[in-house]
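Chains, contacts and geometry: an overview
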Amino acid sequence: MAIREIVTHPNEVLTTKCKEVTVFDQMLATLLDDMYDTMIASDGIGIAAPQVGEAIQVAIVDLGEGQEVIEMVNPEVVEIGGSEIEVEGCLSFPDLYGEVERPFYVKVEAQDRDGALYELEAEDYEARAILHEIDHLHGVLFTSKIIRYVDLEEIEKELEEEQL
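Everything numeric here is computed off the predicted structure, so don't read it as measured data.

Quick notes on the rules
Residues numbered from 1 in each chain as written. Predicted model: local features only at pLDDT ≥ 70, side-chain atom pairs only at ≥ 80, totals over all residues. Heavy atoms only, no water. Core = buried A, V, L, I, M, F, W, Y, C linked by side-chain atoms within 4.5 Å. Buried < 20%, exposed > 50% of the residue type's maximum accessible area, 1.4 Å probe, protein only. Helix = DSSP H or I, 4+ residues; strand = E, 2+ residues; numbered from the N terminus. Contact = heavy atoms within 4.5 Å. Salt bridge = Lys/Arg side-chain N within 4 Å of Asp/Glu carboxyl O. Pairing = 2+ DSSP bridges.

1. What about the nonpolar core?
- By size, the foremost hydrophobic cluster in this structure holds 18 residues, and its most contacted members are Val 61, Ile 70, Met 72, Val 106, Val 108 and Ile 130.
- Mapped by element, the contributors of at least two residues to this core are β2 (58–61), β3 (70–81), β6 (105–111), β7 (117–123) and α2 (124–137).
- Ranked by residue count, the leading element in this core is α2, at six residues.
- Excluding residues within four positions of it along the chain, Met 72 makes contact with Gln 57, Val 58, Ala 59, Val 61, Ala 110, Gln 111, Tyr 118, Ile 130 and Ile 134.
- Core analysis: the second largest hydrophobic core is formed by 14 residues, Val 21, Leu 28, Met 39 and Val 58 among them.

Dropping the structure here:
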């Protein structure tokens, strides 16, 4: 397992529609392990293969909080519901934050690292993170969805107020 360099904007791989994964082997497992290590080292909650320079449909979400790591290979959104606006950031856009409207609920079909199909349902922040990463696999960047840019000081102030 290794920590890979995060690809930052501008870079063509970030706006490329990723290829479907057809081979489920040790190379894929190693990529997933490296992506996880890279995400954790970068203090992220999600990462997609293009962010480490690989234009294939692979993404990870890990909110921590005792939840299982979500590994998605060839994910497809099959259902969405509701809507909410929250602040997002992205490892490929250091120190850039903005309010983005996304569905509150998502249902996804994907494959795991061994190729087995599974279905996943998520709400709220977890749904937001999953949809953000799936967007990466289609070459869609969160900056194209930002309603309002937010500076770090505003985020820190809101967090302080929540803790009171």
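2. What about the pattern of salt bridges?
- For the structure shown, the criterion picks out 11 salt bridges.
- For Lys 145, the salt bridge goes to Asp 135, with nearest N and O atoms at 2.9 Å. Highlighted residues: Lys 145 in the loop between α2 and β8 (146–150) and Asp 135 in helix α2, separated in sequence by 10 residues.

3. Quick notes on the pairing of strand β4 (residues 84–90)
- Bridging between β4 and strand β5 (residues 93–102) involves six bridges; their strand directions are antiparallel. Paired with Cys 90 across the two strands is Phe 93, which belongs to β5.
- Between β4 and β5, which follow one another and run antiparallel, lie two residues.

4. Concerning the environment of Glu 99
- Assignment of secondary structure puts Glu 99 in strand β5.
- Look past the residues within four positions of Glu 99 in its chain and what remains in contact with it is Ile 85, Glu 86, Val 87, Lys 145, Ile 146, Ile 147, Arg 148 and Val 150.

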